[in-house]
Amino acid sequence: MSNKLIKFRPEWFEAYGLDSEKNFMCAPVCECGCGGKGVLLLNSNPELFGFMFNMLMENECNHCAIFAHAFDGTMYAALKVENESDDPVLFFGQKNNMDFFKEWDDELDFHCYGLMIETKHGEWKIIED
């Protein structure tokens with residue numbers, strides 16, 4: 001696996017065909033008081049899925065999603081929607097499909113969603129705009 005960093009681009013939502021106006025997530029702010037934005041250290045898929053699940057369960061909206069683009073090219077979607085299973089959040093993944101997130105939003109027309117990018121292995125950035 002390469003150690004090449006993925007550079008943050010402010011047009012991430014647009015790159016995925018998403019609307020930044022629907023964003024409900026905010027990046028963590030540095031605890032030292034400098035005002036800088038932090039990254040999330042999530043070293044495994046279970047940690048990532050646990051974070052996504054918790055964020056969706058804390059969100060009052062019942063028709064929302066979190067999309068995450070992993071360093072290896074895998075696109076993950078965690079969906080909080082009415083469904084026929086007992087699971088309040090459904091998880092899906094697909095490799096190297098830049099339309100994956102837009103396809104879900106086109107199909108389900110989410111009220112809100114969040115976007116996360118793994119900038120290097122285990123470091124996740126929440127995209128705010």
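Cut-offs applied
Residues numbered from 1 in each chain as written. Predicted model: local features only at pLDDT ≥ 70, side-chain atom pairs only at ≥ 80, totals over all residues. Heavy atoms only, no water. Salt bridge = Lys/Arg side-chain N within 4 Å of Asp/Glu carboxyl O. Helix = DSSP H or I, 4+ residues; strand = E, 2+ residues; numbered from the N terminus. Buried < 20%, exposed > 50% of the residue type's maximum accessible area, 1.4 Å probe, protein only. Arc of directions from axis to C-beta. Contact = heavy atoms within 4.5 Å.

The next subject is the pattern of salt bridges. Under the definition given, this model contains six salt bridges. The partner of Asp 105 in a salt bridge is Lys 22, with the nearest N and O atoms 3.5 Å apart. Taken together, the residues span a long stretch of sequence, with Asp 105 in helix H3 (residues 100-108) and Lys 22 in the loop between helix H1 (12-15) and strand S1 (40-41) at a distance of 83 residues. Lys 22 carries the same exposure label as Asp 105, and that label is buried. With a closest N to O distance of 3.3 Å, Lys 22 and Asp 109 form a salt bridge.

Turning our attention to H3. Within H3 the residues assigned to the buried category are Phe 100, Phe 101 and Asp 105. Burial along H3 is one-sided: seen end-on, the buried residues are contained in an arc of 135 degrees. Exposed side of H3, more than 90 degrees from the buried face: Asp 106 and Glu 107 are the residues found there. Contacts from the buried residues of H3 go to strand S2 (64-69), strand S3 (74-80), strand S4 (90-95) and strand S5 (112-120). Positive phi shows up at Asp 109, right after H3, with a value of about 45 degrees.

What follows covers the side chain of Asn 23. Tracing the backbone shows Asn 23 in the loop between H1 and S1. Take Asn 23: its relative accessible area is 18%, and that puts it in the buried class. If sequence neighbours within four positions are ignored, Asn 23 has contacts with Phe 13, Tyr 113, Gly 114, Leu 115, Ile 127 and Glu 128.

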